[in-house]
Every structure is written in structure tokens, then in C-alpha cells.
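Take a look at the letters that make up each chain.
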Amino acid sequence: MRMTDKIALITGAAGGIGLAIAQGFAREGAKVAISDLDLDAAERAAAGIRDAGGEAMAVAIDVTDEAAVDTGFAKVVDAWGRIDVAVANAGIQHIEALDKLSLANWRKVTGVHLDGAFLTTRASLRQMYQQHGGGCILYIGSVHSKLASPLKAPYVAAKHGLLGLCRAVAKEGAAHGVSANVICPGFVRTPLVEKQIPEQARELGISEEEVIRDVMLKDTVDQEFTTLEDISEVAVNLAAFPTAALTGQSVVVSHGWYMQ
Ligand code: NAD
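The paragraphs below set out a description of the structure included in this document. (Residues numbered from 1 in each chain as written. Predicted model: local features only at pLDDT ≥ 70, side-chain atom pairs only at ≥ 80, totals over all residues. Heavy atoms only, no water.)

1. Side note on helix 2 (residues 39–51)
- Relative to the 18 Å expected for 13 residues at 1.5 Å per residue, helix 2 spans 18 Å between its end C-alpha atoms, a close match to the ideal helical length.
- Of the positions making up helix 2, those classed as buried are Ala41, Ala42, Ala45, Ala46 and Ile49. Along the long axis of helix 2, the arc covered by the buried residues comes to 135°, so they all point the same way. Those residues of helix 2 that are exposed and angled more than 90 degrees off the buried face are Asp40, Arg44 and Asp51.
- Lining the buried residues of helix 2 we find helix 1 (16–27), strand 2 (31–36) and strand 3 (55–60).
- The N-capping residue of helix 2, defined by a side-chain oxygen 3.3 Å from the backbone nitrogen of Asp40, is Asp38.
- Following helix 2 by one or two positions, Gly53 adopts a phi angle in the positive range, close to 100°. (Helix = DSSP H or I, 4+ residues; strand = E, 2+ residues; numbered from the N terminus. Expected span 1.5 Å × (residues − 1). Buried < 20%, exposed > 50% of the residue type's maximum accessible area, 1.4 Å probe, protein only. Arc of directions from axis to C-beta. Contact = heavy atoms within 4.5 Å. Polar contact = N/O pair within 3.5 Å; in protein donor to acceptor, adjacent residues only side chain to side chain.)

Right, here's the structure in full:
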């Protein structure tokens, strides 16, 4: 097992990519804190991990709420003593052309991704700096950390911003044994993506099949979606990596949609 006795907190982990990462960490021996806006869903996710033989707790954290992030981290530290791995995963999408986009919707998307990642980072560093052995922070970026698509401006801007935040953490955290990396998935069929398919079809005036074939998977090498298991496996590898040789990096997991 690659993460025996590690303590991990994952934001937005009641479902989708966050839950898959939590399950992957638990299978490798980590104790996982499933944090999410939706506490009932987080409780169900944590129970599922316990039923499968892992150790998990649920904690309510809205990543845009400064006090909730700090309180949530404190609950996990009270229960388990430290945080070795934090994953800033919580995210939302909003499909709209820039000229129609309201400031409120811009702030909603960038708030969850960037303010949320900042608050998650700060709470992680405050704990990791004072514990023996430092820690590791993973950000869930996107292929949209590297390139743009139409109708997703606040998401694209926020996901690009995570690369900068990660690099800043890598520089500042090194002296305290903290590393930071970004995982950049291609399209994975989670609720976030399922919701976008009809929305994009409407906005672009094409069918849902065309959105999948001609928009989402057009530039992949094999017209395949990236899977939850792909992202979970990369997260385990990064979280278990033993040195700061891998820090400040971004790993694109997208069936060749974006090659760096
Ligand atoms: P999802 O909608 O399935 O899950 C997102 C989770 O985040 C939900 O459980 C939701 O309750 C939670 N959440 C939303 N706002 C929150 C907040 N303010 N505080 C705490 N939790 C909150 O989405 P997903 O596809 O699993 O996405 C997870 C991450 O992966 C996001 O950052 C997303 O941008 C990124 N991503 C997804 C894809 C994809 O194709 N699915 C591709 C690239 C990147």
C-alpha cells in the first residue's frame, strides 16, 4: 500500500472526481476526510468507503467560506492529528458567452475554484508547516488550465490561475517539506460534465452527440473519455511521491487532447 496511515482531506469529495480520489487513497491505506458542501452526500460517501474496509469521515466545508474551511480542517486535525495530503477539488462550471456573462456568475465560478483553492491551501499550510514531515497539496486543474474553449471563460481563467497558485506554493512550501502539483483532466463523465452536454448543445445549436464527438473528444487521440480511475491513479502516484523532485508541476491526463 502506497499511503499507509497518511491523512488526506479532499474538497468536493461527495461525488465525481473527488470521491474517486478519496476511494483510491483509502484503498492505498490512507484515512480520508470527505469534505463537501453537501454533508449528507459526504456522509454517504464516507460510509461507502468504511463499508469497503477503509477509514473515512465526512466534514461539511463550503470552500468559499473562510470560517467553514478553517473549522473543517480543525475537525480533521482534532480527530486524526495531522493532514498529510490536501486535494483542492471542489468545482463548478458555467456555460455562457463572455459578452452575456454577469459579474455575479464570473465571481461564482472563480470564487469556488480560486478563492476555494486559496482557502484550502492556507488551511493546509498552517497545519503542514507545524507538523513533522510537511505534506502535499494537489489541485484539480483541467485541460482548461492549458487552453481555452468558448463559453467557459471564468472556468478557463480560474483553472489557469491554479497553475500559478501551485507554483507559488511549491516555492514557499519547499522549506517546510510541502510539495504542490496540479492534475489536469480531460473530460470525465461526472455530473459536472453530464450537465454541460445539453447546455453546450443548446448554446452551440448542435446535437448532444455532436457535442461529445465534435467538441469534447474531438482532439483526443482515441475519442475516449478520461475515467475516474485514471485520475484517481495519478492522484495516488503524486500523493505518494516521496521527494520534492515532483513539485510545481502539472500533469495532463486527457487521452492526448492536450500535449505539453
Ligand atoms: P462534480 O460536480 O461531480 O463534483 C463536484 C463536487 O464539488 C460536488 O460534490 C459538489 O457538491 C462540490 N462542490 C461544489 N461547490 C462546492 C463548494 N463551494 N464547496 C465545497 N464543495 C463544493 O464535478 P467533478 O467533475 O467531479 O469535478 C471535480 C473537479 O474536477 C472540479 O474542480 C472540476 O473543475 C475538475 N475537472 C472535472 C473534469 C470533468 O470532465 N469532470 C475535467 C477537468 C477538471
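2. What to know about the pairing of strand 2
- For strand 2, a buried count of five out of six residues is recorded, marking the element as mostly surrounded by other parts of the structure.
- In terms of strand pairing, strand 1 (residues 7–10) meets strand 2 through four bridges, oriented parallel. For Ile10, the partnering residue across the bridge sits in strand 2 and is Ile34.
- The pairing of strand 2 with strand 3 spans six bridges and is parallel. Within strand 3, the residue paired with Ala33 across the bridge is Met57.
- As for the winding sense of the linkage, the β-α-β connection from strand 2 through helix 2 to strand 3 is right-handed. (Pairing = 2+ DSSP bridges. Right-handed = clockwise from strand over helix to strand, strands pointing away.)

3. Overview of the nonpolar core
- Core analysis: the largest hydrophobic core is formed by 42 residues, its most contacted members being Val76, Tyr139 and Met216.
- Top contributing element to this core by residue count: helix 4 (residues 103–128), with six residues.
- When residues of this core are sorted by domain, at least three fall in each of domain 1 (7–186 + 227–252) and domain 2 (187–225).
- Not counting residues within four places of it along the chain, the set of residues in contact with Met216 comprises Phe187, Val193, Gln196, Ile197, Gln200, Val211 and Phe225.
- Formed by 35 residues, the second largest nonpolar core is a distinct cluster that contains Met3, Ala30, Ala45 and Ala46. (Core = buried A, V, L, I, M, F, W, Y, C linked by side-chain atoms within 4.5 Å. Domains from an automatic or database assignment.)

Any functional reading would require information that these geometric values do not contain.
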